[in-house]
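Listed here are the chains, written in short residue letters.
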Amino acid sequence: MDDLKKIVWLASYPKSGNTWFRAFITALLHPEEPDVDINNMHPSTIASSRQLFDELAGVPSADLTPAEISHLRPLVLRRHAMESEEIIFQKVHDAYSILHNGEPLFPTEITKAVLYFIRNPLDMAVSFSHHLATSIDKTISIMNNPDYTFCQRIDRLNNQLQQNLSTWSGHVKSWVDDSGLPVMVIRYEDMHNEPIEVFSKAVAFIGLIKNRKEIETALELASFSRLKQQEQEKGFSEKSPASAGFFRKGIVGDWKNVLTKEQVKHIIDVHGPMMKRFGYDIDV
Amino acid sequence: MSGKTKYPYSYRAYGLNILSQLPVTGFEPAVFETPDVHIKKGPVPEKLNNIINQGVLYQSNESEFILHMENVAAYYVKNGDEIVIQPIDNASVGEISAFLNGTSFGALIHQRRLLPLHASTVIFKDKCLVIAGISGAGKSTLAMALVKEGGTLVADDISVIDFSGEKPTVRPAFPTIKIWEDSLNHLDIATTGLEPVRGELKKYYLPVDKFNQTHRAINHIFILNTHNRPGLEIKTLQGVDKFRVLKKHTYFFRGIPKTGLEKNHFILANQLAIKVPVTILARPNREFNTEKIVRAISENM
């Protein structure tokens, strides 16, 4: 494969359906496997993986400054694409951004497509607060903070590289409007309501040729209940240590049972325009 | 060696006599007659002519390795006995040393057809324990914790396995640990007066008084892992699993050109797997309970 356009970014703010889609893709690409092993899914690493960086850069990121790491990340991802014989489905939670040297963090020349997963931020806030094991109010302030960054401490070695998430709206805008990359936006709610249609469209968008039967089988293997059951039986390496479980409820509209009026207002005040744009009700 | 070349520094590290034109942070000064490795200051080529392997910052073949660290220095490692360094203006000795005693020596050790594990090694309760793990697993923190509990350091981060005797040993590296501030706090060690590895990072060179200079047969290899469950988990490996993890925890395995060096690595890693017990020790990823980990090591070594 000479063309460098090998990476399909599975991009999202956390807790928006990314892992569900990865489980689906794993089942779809490996029909020979009787089950999806959630601890060994096909797109196995996240774009901010320290090990991926260290291997492809050739020096330990533990000895590099945050600025050096940022500068090198696009080059590392480029090498990742160069060395791959096949399409890479690369999970990513960073916001799309342009670095100080003017280069995009996620280079255009290695990008085949972007699947952008979006979820009603009212539900996402509930799920994310469980993931972070923090309060809803703290989670909402994180969603409103343009500087919010995963793995930011500089007095210890974090398990992943730093990832700036921007605000929830800023994250959506960065990938969907600013990147200039071919993007398909996939709503978490539609993945639930019309799974066959939505997953089929996504598969077609990234250029895979699969029939309805294959997609149905993969969806069955990657169903929420099966993923959750497997986590309960074997654990899931991507679960945050502080949270009780990665696969929690996986339902639409749970915010109505959890959020206070003030919390709903706070989210809609800040993210209303972006919510409206993607069909989320803001007159609640 | 040119008669004009002067070498003001001499060290012993990884069992090698090293003559150097540049000071190296962390290495131990030594007196010897015959050098094994020369470190010189000089121009480093942009590219190798016959690249077999490469990453973003390096290129290599069986006898040459080049690393370009944009803000620090360029390094040219050749034939397992020479490293040429071209420092960038204003780079500190500490930061030039970080990519010298790490990646560059890792490449040199592969060129010498030795086996470097990504591991720290400590003599603890009279046993030689190799603690391997990926970056961030806690190798250096555990090594220092074992030193505080009465152990002596043999190597930090890179443990070079020596097969010249009856049993595999670890070559004494140098009496310094590179360690993060968070770990130093955890171990009740002050950062005052410590030299930073990089100006911007809260990571320091920690000199270690208790350093073992003799070759000791390896008693046990522990692979330090993390998981997201509560409590420590311990599993002793058998057969091909041992080889697999030793390959995974070989320092800079990806830098080995896929030719003779890789075959050589296979033979050495296999030999080590046959002769030494290997145990996985997995800890919760947000908890480093020194007491429990040291106890688990004591009970399983």
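Heads up: the structure comes first, above all this text.
Residues numbered from 1 in each chain as written. Chains lettered and ligands numbered in written order. Predicted model: local features only at pLDDT ≥ 70, side-chain atom pairs only at ≥ 80, totals over all residues. Heavy atoms only, no water.

Draft legend 1. The overall build of chain B, seen in detail. If you tally the helices and strands in chain B, you get 6 helices and 20 strands. Expected size for 301 residues packed as a compact globule is a radius of gyration near 19 Å; at 19 Å, chain B falls within 12% of this value. Dimensions along the principal axes, computed over C-alpha positions, put chain B at roughly 55 × 45 × 40 Å. Residues classed as buried in chain B amount to 59% of the 301 residues present. Here the contacts in chain B between residues at least 6 apart in sequence split such that 64% fall between residues at least 24 apart. (Helix = DSSP H or I, 4+ residues; strand = E, 2+ residues; numbered from the N terminus. Rg over C-alpha atoms; globule rule 2.2 N^0.38 Å. Buried < 20%, exposed > 50% of the residue type's maximum accessible area, 1.4 Å probe, protein only. Contact = heavy atoms within 4.5 Å.)

Draft legend 2. Focus on the nonpolar core. Residue and element names in this part refer to chain B. By size, the foremost hydrophobic cluster in this structure holds 75 residues, and its most contacted members are Y14, Y75, F105, I221 and L272. Counting residues per element, this core draws most heavily on helix α1 (residues 93-111), at 8 residues. Apart from the residues lying within four places of it in its own chain, the contact partners of I221 are L117, V130, L246, L272, V276, P277, V278 and T279. (Core = buried A, V, L, I, M, F, W, Y, C linked by side-chain atoms within 4.5 Å.)

Draft legend 3. Local environment of the sheet that holds strand β6 (residues 58-60) of chain B. Residue and element names in this part refer to chain B. In spatial order, the strands read β3-β1-β2-β4-β9-β8-β7-β6-β5; together these 9 strands make up an open sheet with mixed pairing. Because the sheet does not close on itself, it has two edges, and the strands there are β3 (28-29) and β5 (53-54). Pairing between strand β8 (residues 73-78) and strand β9 (residues 82-87): 6 bridges, direction antiparallel. Following the sheet pairing, K78 is matched in β9 by E82. Docked against the sheet, α1 engages β2 (16-20), β4 (37-41), β7 (64-69), β8 and β9, running at close to 20° with respect to β8. (Pairing = 2+ DSSP bridges. Axes fitted to C-alpha atoms, helices over the stretch in contact; angles between N-to-C directions.)

Draft legend 4. A look at the interface of chain B and chain A. Contact with chain B, which involves 32 residues of that partner, is made by 32 residues of chain A. The contact between chain B and chain A buries some 2,800 Å² in all, and 53% of this surface belongs to carbon and sulfur atoms. In terms of surface lost to chain A, no three residues of chain B exceed B:V56, B:N228 and B:R254, which account for 24% of the buried area on that side. Taken together, the connections running from chain B to chain A amount to 5 salt bridges. Linking chain B to chain A there are 18 residue pairs in polar contact (both at pLDDT 80 or more). Contributing elements (two or more residues each) for the side of chain B that touches chain A: β7, α1, β15 (176-180) and α3 (181-186) of chain B. At 3 residues, α1(B) tops the list of elements feeding residues into the side of chain B that touches chain A. When the residues that make up the side of chain B that touches chain A are grouped by side-chain class, the tally is 13 nonpolar, 8 polar and 11 charged. (Buried area = accessible area lost by both parts, 1.4 Å probe. Salt bridge = Lys/Arg side-chain N within 4 Å of Asp/Glu carboxyl O. Polar contact = N/O pair within 3.5 Å; in protein donor to acceptor, adjacent residues only side chain to side chain. Nonpolar A, V, L, I, M, F, W, Y, C, P; charged D, E, K, R; others polar.)

Draft legend 5. Region of interest: the packing of helix α1 (residues 18-29) of chain A against helix α9 (residues 212-221) of chain A. All names here are of chain A. Across the interface, α1 lies against α9 with an axial gap of 8 Å and an inter-helix angle of 130°. Taken together, α1 and α9 sit at an angle that is classed as oblique. Crossing of α1 over α9 shows right-handed handedness. Packed against α1, whose contacting residues are F24, A27 and L28, the element α9 presents E214, I215, A218, L219 and L221 at the interface. Residues belonging to the contact of α1 with α9 are distributed by class as follows: 7 nonpolar, no polar and 1 charged. (Parallel < 35°, antiparallel > 145°, perpendicular 65-115°, else oblique. Left-handed = near helix turned anticlockwise from the far one by under 90°.)

Draft legend 6. Structural view of unusual backbone geometry. Positive phi is not limited to glycine here, since A:K15 has a value of about 60°. In this structure, B:R113 is a non-glycine residue whose phi angle is positive, near 60°. Checked against the element boundaries, B:R113 lands in the loop between α1 and β10 (115-124). Classification of B:R113 by relative accessible area gives partly exposed; the value is 38%.

Draft legend 7. Inspection of the environment of A:E231 at higher detail. Residues and elements named next belong to chain A. Secondary-structure assignment places E231 in helix α10 (residues 224-234). Owing to a relative accessible area of 9%, E231 belongs among the buried residues under this scheme. For the pair E231 and W255, spaced 24 residues apart in sequence, the C-alpha to C-alpha distance is 24 Å. Once residues lying within four places of it in the same chain are set aside, the contact partners of E231 are I38, F236, K239, G245, F246 and F247.

Draft legend 8. How the structure looks around helix α12 (residues 261-277) of chain A. Residues and elements named next belong to chain A. Largest kink in α12: about 80°, centred on H271, with the proline P273 one to four residues after it. Every buried residue of α12 is listed here: Q263, V264, I267, I268, H271, G272, M274 and M275. In this structure, the buried residues of α12 make contact with α4 (121-132), α5 (136-143), α6 (168-178) and α11 (255-258). Immediately downstream of α12, the backbone of G279 shows phi near 85°, a positive value. (Bend = angle between axes of the 7 residues up to and from the residue.)

Draft legend 9. Expanded view of the packing of helix α4 (residues 240-248) of chain B against helix α5 (residues 260-275) of chain B. All names here are of chain B. At a closest axis distance of 9 Å, the pairing of α4 and α5 adopts a crossing angle of 125°. Taken together, α4 and α5 sit at an angle that is classed as oblique. In the crossing of α4 with α5, the sense of the turn from one axis to the other is right-handed. Side by side, α4 and α5 meet where K242, F243, L246 and K247 of the first sit next to H265, F266, A269, N270, L272, A273 and I274 of the second. For the contact of α4 with α5, the class distribution of residues is 7 nonpolar, 2 polar and 2 charged.

Draft legend 10. Expanded view of the sheet that holds β15(B). All names here are of chain B. What the 3 strands build is an open sheet, ordered β15-β17-β16; its pairing is antiparallel. Two strands bound the open sheet, and with one partner strand each, they are β15 and β16 (195-196). Looking at chain direction, β16 and strand β17 (residues 203-207) are connected through 2 bridges and run antiparallel. Counterpart to P196 in the pairing with β17 is Y204. Strands β15, β16 and β17 of the sheet are contacted by α1, whose axis makes an angle of about 80° with β17. Most of the contacts of helix α2 (residues 139-148) go to β15, to which it runs at about 120°, and overall it touches β15 and β17.

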